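# Chains, contacts and geometry: an overview
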Amino acid sequence: MATRLNESERGKLGTTVPGWAPAIDRDAIRRDFKFADFSAAWGFMTRVAMAAEKLDHHPDWGNTWNTVRIELSTHDAGGLSDKDVQLAQAINQILG
């Protein structure tokens, strides 16, 4: 079961998941990724999908040519949770 983040954990997100920022309109974190072209963006999405399956936690995301937008929130926890942090960390590792 996912655990919603407390205020202390939310305050550390800048170091826990660098590059991610709070979403404006909901309790989530988001990040945009730009790649050289569509193929590179699609390859990244494939690697993220495999990580998401492994963690059994799936992103809200979209792709427009070379840009991938990802938002993470845990629906059954009612907002930002430890599962979102774990997936964001996995995504950051994919980028290297």
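Refer to the structure printed above.
The numbers attached to residues start from 1 for each chain and follow its sequence in the written order. Local features in a predicted model are, by the rule used here, given only for residues with pLDDT of at least 70; side-chain atom pairs are given and counted only at 80 or more, and totals for whole chains, interfaces and linings are based on all residues. Only hydrogens and water are removed before side-chain values are computed, so all heavy atoms of the structure are retained for them.

## Digging into the overall build of the protein chain
Where we set the bar: Only DSSP runs of H or I reaching four residues or more are called helices, and only runs of E reaching two or more are called strands; each is numbered from the N terminus. Note on method: radius of gyration uses C-alpha positions; expected globular size equals 2.2 Å times residues raised to 0.38. Exposure is judged per residue with a 1.4 Å probe applied to protein chains only, and the accessible area is read against the type maximum: over 50% gives exposed, under 20% gives buried, and values in between give partly exposed. Here, residues are in contact when the closest pair of their heavy atoms is within 4.5 Å. Computed with the Shrake-Rupley method and a 1.4 Å probe, the accessible areas treat only the protein chains shown as cover for residues.
Within the protein chain one finds four helices and four strands. Reading the helices (α) and strands (β) of the protein chain from amino to carboxyl end gives α-α-β-β-α-β-β-α. For 96 residues, the compact-globule estimate of 2.2 N^0.38 gives 12 Å, and the protein chain sits close to it at 13 Å. C-alpha extents for the protein chain along the principal axes are approximately 40 × 25 × 25 Å. Looking at the protein chain as a whole, 39% of its 96 residues are labelled buried. Partitioning the contacts of the protein chain with sequence separation of at least 6, the portion at a separation of at least 24 is 63%. Here the protein chain has roughly 5,700 Å² of accessible surface; of this, 54% comes from carbon and sulfur atoms.

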